[in-house]
Amino acid sequence: MTDLLDLTALEAREALASGAVSADEYFAAWAAAAAGDELNAYLWRARPGAPGCAGQGDGPLAGMPVAVKDIFCTEGIETTAGSRILEGYRPPYTATAVQRLTDAGVRLLGKTNMDEFAMGSSNENSAYGPVLNPWDRERVPGGSSGGSAAVVAGRLAPWAIGTDTGGSIRQPAAFCGIVGLKPTYGAISRYGMIAFASSLDQCGPLTRTVSDAALLLGILQGRDACDSTSVGLEGGVSLPDREDLSGLRFGVPAELARDAVDAGVRGVFERTLARIEELGGEVAEVSLPSAEHGISAYYVIAPAEASSNLARYDGVRYGMRQGGDGDLIEMYETTRSEGFGAEVKRRIMLGTYALSSGYYEAYYGQAQKVRTRIAQDFDGAFAEVDFVVTPTAPSVAFELGEKADDPLAMYMNDFFTVPMSLAGIPAISIPAGLAEPEGGGPRLPVGFQIAAPAFAEQRLLDAAHALEQEIGFDREHRPLIPWLQGGGDG
Amino acid sequence: MAELEAVIGLEIHVQLATRTKMFCGCELSFGDEPNVHTCPVCLAHPGVLPVPNEQAIRYALQIGLALECEIAPHSIFHRKNYFYPDSPKAYQISQYDIPIASNGRLGEIRIHRAHLEEDAAKMIHVGSSGRIHGSGASLVDFNRGGTPLVEIVTEPDLRGAAEAAEWARLLRETVRQLGVSDVNMEEGSLRVDANVSVRPAGSEQLGTKTELKNMNSFRFLQRGMEAELARQRELIEAGGAVTQETLHFDPASGALTPLRSKEEAHDYRYFPEPDLVPLAPTEEMLREAREALPELPAARIERYQAELGLAPDVALTLASDPETADYFESTLAAADGAEPKVVANWVTGELAAALRQAEVEGGASGSRVTPESLAALIALVQDKKVSHGSGKTVLAALVAEGGDPAAIVEREGLAQMSDSSELEAIVEKAMADNAAAVEQIRSGNQKAIGALVGAVMRETKGRADGGEVSRLIRERL
Amino acid sequence: MIDKEQVLHVAGLARLRLSEEEVETMVGELSGILEHVDRIGSLDLEGVEPTSHVVVLQNVLRADEPRPSWPRDVVLSQAPEPQDGAFRVPSPQAE
Ligand SMILES: [Mg+2]
Ligand SMILES: [Zn+2]
């Protein structure tokens, strides 16, 4: 039964299709595993046969369970985005991304924990407690899609979907030793995905293998009449089968490389560059002069949009209301002050300030111009190389509480992932190896980020797959999982 | 002190008569049960996204073109952020620095801009309910929330309350004839706010303005502006200064009371709406909008005065009622050689009166009187075949039963008397019967001739020509 | 960077009530973040077009066709204080 949980999603789909395993048996195995969640990774779990977990009988993913970040609205099933202000909220509708999955036969296994409104890089900002990293429970799984990363790495779900605004899929995937893909902005509908920063938010898969990511992306992507900004991926997505990298050029941004990266992470990164060359790929230096300003631009644009997106949580139509016995303003302020956590308040303050009269040009206006420059930098780089590669994060998973009271240090986690978000281009993080944390201790996963031009997902997946086969991380390593015999090498 | 001149600009919100809301598929409604036309989008549930209504864009283009505006080749939506229960997202999606239409005019008044936005929900104040220190509560009904609006902003070109109210009527008529809105002020599908200030006559710079809201009829609009102008003039003449504020007009008392601001400091923190992509009207959209434009009142008024020489008031009367205006034009075409003035007077005068008399609904175009028959009647009168008085009798018959005026004249024996020997006999009899009147005339009282003419007319049942009758009388004095 | 007055003003705009200590920490944290962010203030970006969106679409519109609205009991089922088929809120006039 437990070896069922060791199948990749692609293997499981074949087992289900061939009838070797029954959908109910397979779902029951995962439901049982999810029930044993010791990582605080799930906020809601389906009981087999319970409403919400029933997917259509057939379809390309018939019988496949999926874990969904709690930022996606699911009709009749509590959806909180990790916030107190939405506690008990049952959406009257289902997000397009989730609908596309269930239409393909997928069964909803559970809703995963996350940083409140996707604001965080450690999952410590959830109103429902932090998620633990399955590799080391003293450490964070990354964020904001930490729950989705932890359930996949911890064998509590075969795969999951999350959202990435500045690295919220890629960084937790790196910290948990799995694959995380942020598609091109517009590839997947945002309808029903609770908004953090509308011009940056994008849904994507968190999986154990690149093939699983391709399989999920193929179902998720597509133009949606409910999302004016959705485009889809022309020609769809096919399973990657490339085995070498000959003829492909990989660019290492000089500006990003020179910045502070832990020795262990740098070691894995260098080794991965060598593997690229062994596979016939070419490694070159490229220049992204404005990329180092990505964090500054991002921490103006994202909070500005968030301050407006989160203004609707006012205690009038749904969700939490406090102070309803006072006048209107007292109700607003009490509801929002008690409903939002510290990081969300911080970002709302930052964004409101950046948009307020007298500061718009200096902050929001200037940040949008930096955004233009960063996009132009990537255009320039992709004229010379096929892909831009960086470490996904400057360090391996850090300890719970380590950065909790230093917002800026926390924001620096997004240093390598934010530029791609600002440019709207696709980027994937694949596990490239293990490295010791700076302070010493058991080795932890290191992510390798590959970015491609907009809508070049197929090429990106093909290359990532070839490299993944060479690295063989998923075959060789896995976290110590008490409820699986054997267990990994830690 | 120089006399203070009024400076008025208007902001008009027009609810578009689309079938669905601006950003979701909920149907528009008026007066329905609360919250029966809502959905996650117009209730701003988490995760929803707006998708603009194509018909609203087309209507906005028609309004822009009708107001002779420049259409922006590329315009975007912004978010106007403020907290209020009538704004479910806590921001209104509106156009800010690039409106879809700008720099136009209607008549003599310049249009600053016309932009697209969404309407707010309705709030009904309900009484207190023993709350700790609440003075009561409001109930929010989101049926109206998200209705497409075009906001039209004029330059401060209006110089008086009456002028402003009349121009607003012209605008209403213009939008009505476009067929893009019900423009019903009572129901709020047309809402007019006024920016009012005064300044020394001849001065170039603007005085401090106040904004008047909630004037839900043209009469109240004018009364509100008059009241505010008077208040400002008194204030300044007493050496005081106007403070910029928003005033709420109470039609009942005629009082103007300051409104509490929705968001202190009015810092709306506008920024480009990231959930929407730019609007770039295509050639096809612009052509369709142009082709959809009827001839609008302002143009008709100009043409009637310049080409047909009609008086301004007659031109306005006709232009405000396109059906009657068309009826007038086909009558004019049928009555070859007739003076446009004369035909216009028959349509807006005699015919309108006859229809009112007979309580006929639906105006001239809906009546039994065809343009051809009216033209024929006008010709009979002009050629003196029928007296003007008998003409009205014929018209009454036409209104009642329709048909051919000549036949009615024949049937009723209304033809003007041509046999002068017969008329002369009647005239001489009348003079004999009214010797007194004859005496008075001889002694210089010309008015007395009226009595003789009247007597002849009675005898001839109005078939005689008044001029001819007095000529015959004078001959015989 | 940002002082107490500004923090309180911005909190008012955002409809957040901050405790004394929250204001203090907010002043410190926001100032630290803004100090970093201010680096882009010194960049010469004259003539650079601002990017508010990376998608190149335009005129993505919806046909004016009604689709059923939500049942009122469904939309009111989430309301903190439904009353007479509407959403009750404390009166803005209350003082
Ligand atoms: Mg407006
Ligand atoms: Zn709706």
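In this text, all values refer to a predicted model and were calculated from it rather than measured experimentally.

1. Some remarks on the coordination of the magnesium ion (ligand 1)
Six octahedral donors around a metal ideally sit at 90 or 180 degrees from one another, while four tetrahedral donors ideally sit at 109.5 degrees. Residue and element names in this part refer to chain B. At the metal site, the magnesium ion (ligand 1) is ligated by H13 (NE2), E117 (OE) and E151 (OE), and these contacts range over 2.1 to 2.5 Å. Going along the chain, you hit the donors of the magnesium ion (ligand 1) in the pattern H-x103-E-x33-E. Of this pair, E117 sits in strand 6 (residues 109-118) while E151 sits in strand 9 (residues 148-154), placing them 34 residues apart in sequence. Like E151, E117 is buried.

2. Let's talk about the nonpolar core
Formed by 193 residues in total, the largest nonpolar core has its most connected members in F72, F117, I428, F448 and I450 of chain A. The dominant element in this core, judged by the number of residues it contributes, is helix 9 (residues 294-309) of chain A, at nine residues. If sequence neighbours within four positions are ignored, F72 of chain A has contacts with T79, A95, A97, V98, K111, I161, G162, T163, G192, M193 and C203 of chain A. Ranked by size, the runner-up nonpolar core spans 65 residues in total, among them M22, L67, A168 and V196 of chain B.

3. Notes on the environment of R475 of chain A
Residue and element names in this part refer to chain A. Residue position: R475 is located in helix 16 (residues 473-476). Spatially, the C-alpha atoms of R475 and S22 are 25 Å apart, while their sequence positions differ by 453 residues. A distance of 3.3 Å separates a polar side-chain atom of R475 from the backbone oxygen of Q469.

4. Quick word on the sheet that holds strand 3 (residues 107-112) of chain A
Residues and elements named next belong to chain A. On the basis of which strands lie adjacent, the open sheet formed by eleven strands has the order 1-3-2-4-6-5-10-11-9-7-8 and mixed pairing. Since the sheet does not close on itself, it has two edges, and those belong to strand 1 (42-45) and strand 8 (282-286), each with one partner. Averaged over all pairs of adjacent strands, the angle between strand axes in this sheet comes to 30°, irrespective of strand direction. In this structure, strand 2 (residues 65-69) lies alongside strand 3, joined through five bridges in parallel fashion.

5. Thoughts on the side chain of S367 of chain B
Residue and element names in this part refer to chain B. You can see S367 is positioned in the loop between helix 8 (340-357) and helix 9 (371-382). Only 2.8 Å separates the side chain of S367 from the backbone oxygen of A364, close enough to count as a polar contact. One polar contact links the side chain of S367 to the main-chain amide nitrogen of V369, over a distance of 3.1 Å. The contacts of S367, once residues within four sequence positions are left out, are L355 and V360.

6. Looking at helix 5 (residues 297-306) of chain B
Residue and element names in this part refer to chain B. Three or more residues of helix 5 are buried, namely P297, R300, I301 and Y304. Angularly, the buried residues of helix 5 cover 100° about the axis, an arc narrow enough to put them on a single face. Residues of helix 5 that are exposed and angled more than 90 degrees away from the buried face: E302 and A306. In this structure, the buried residues of helix 5 make contact with helix 2 (161-178), helix 6 (312-319) and helix 7 (322-334).

7. Structural notes on the pairing of strand 12 (residues 246-250) of chain B
Residue and element names in this part refer to chain B. Here strand 12 shows one buried face, formed by L247 and F249, and one open face, formed by T246, H248 and D250. When strand 11 (residues 210-213) meets strand 12, the two strands line up parallel, connected through three bridges. For E211, the partnering residue across the bridge sits in strand 12 and is T246. Note on the crossover from strand 11 through helix 3 (residues 218-237) to strand 12: the handedness is left-handed. Judged from the four bridges that link them, strand 12 and strand 13 (residues 255-258) form a sheet pairing that is antiparallel. Along strand 13, the bridge assignment pairs L247 with P258. Between strand 12 and strand 13, which pair antiparallel one after the other, the connecting turn spans four residues, and G254 there sits at a positive phi close to 75°.

8. Notes on the interface of chain C and chain A
Listed by partner, the interface residues are 52 residues for chain C and 61 residues for chain A. Each partner contributes to the roughly 5,000 Å² buried at the junction of chain C and chain A, and carbon and sulfur atoms together form 66% of this total. Counting every contact that joins chain C to chain A gives four salt bridges. In this structure, E22 of chain C and K345 of chain A form a salt bridge, with 3.0 Å as the shortest nitrogen-oxygen distance. Where chain C touches chain A, the interface holds 18 residue pairs in polar contact (both at pLDDT 80 or more). Per-element accounting of the side of chain C that touches chain A gives the leading share, nine residues, to helix 2 (residues 20-37) of chain C. Looking at the side of chain C that touches chain A residue by residue, the classes come out as 33 nonpolar, nine polar and ten charged.

9. Digging into the packing of helix 3 (residues 96-103) of chain A against helix 6 (residues 210-220) of chain A
Residue and element names in this part refer to chain A. One way to put it is that helix 3 packs onto helix 6 with a least axis distance of 8 Å and a crossing angle of 110°. The angle between helix 3 and helix 6 falls in the class roughly perpendicular. Of the residues in helix 6, those touching helix 3 at A97, R100 and L101 are L216, I219 and L220. Residues that form the contact of helix 3 with helix 6 fall into these classes: five nonpolar, no polar and one charged.

10. Some words on unusual backbone geometry
All names here are of chain A. Here G143 and S144 are connected by a cis peptide whose omega angle stands at 5°. For S144, the location among the structural elements is in the loop between strand 3 and helix 4 (146-153). For A118, which is not a glycine, the phi torsion comes out positive at approximately 70°. With respect to the secondary-structure elements, A118 resides in the loop between strand 3 and helix 4. Judged by its relative accessible area of 2%, A118 falls in the buried class.

The rules behind each value
- Residues numbered from 1 in each chain as written.
- Chains lettered and ligands numbered in written order.
- Predicted model: local features only at pLDDT ≥ 70, side-chain atom pairs only at ≥ 80, totals over all residues.
- Heavy atoms only, no water.
- Donors = N, O, S within 2.8 Å, 3.2 Å for Na, K, Ca; no water.
- Helix = DSSP H or I, 4+ residues; strand = E, 2+ residues; numbered from the N terminus.
- Buried < 20%, exposed > 50% of the residue type's maximum accessible area, 1.4 Å probe, protein only.
- Core = buried A, V, L, I, M, F, W, Y, C linked by side-chain atoms within 4.5 Å.
- Contact = heavy atoms within 4.5 Å.
- Polar contact = N/O pair within 3.5 Å; in protein donor to acceptor, adjacent residues only side chain to side chain.
- Pairing = 2+ DSSP bridges.
- Axes fitted to C-alpha atoms, helices over the stretch in contact; angles between N-to-C directions.
- Arc of directions from axis to C-beta.
- Right-handed = clockwise from strand over helix to strand, strands pointing away.
- Buried area = accessible area lost by both parts, 1.4 Å probe.
- Salt bridge = Lys/Arg side-chain N within 4 Å of Asp/Glu carboxyl O.
- Nonpolar A, V, L, I, M, F, W, Y, C, P; charged D, E, K, R; others polar.
- Parallel < 35°, antiparallel > 145°, perpendicular 65-115°, else oblique.

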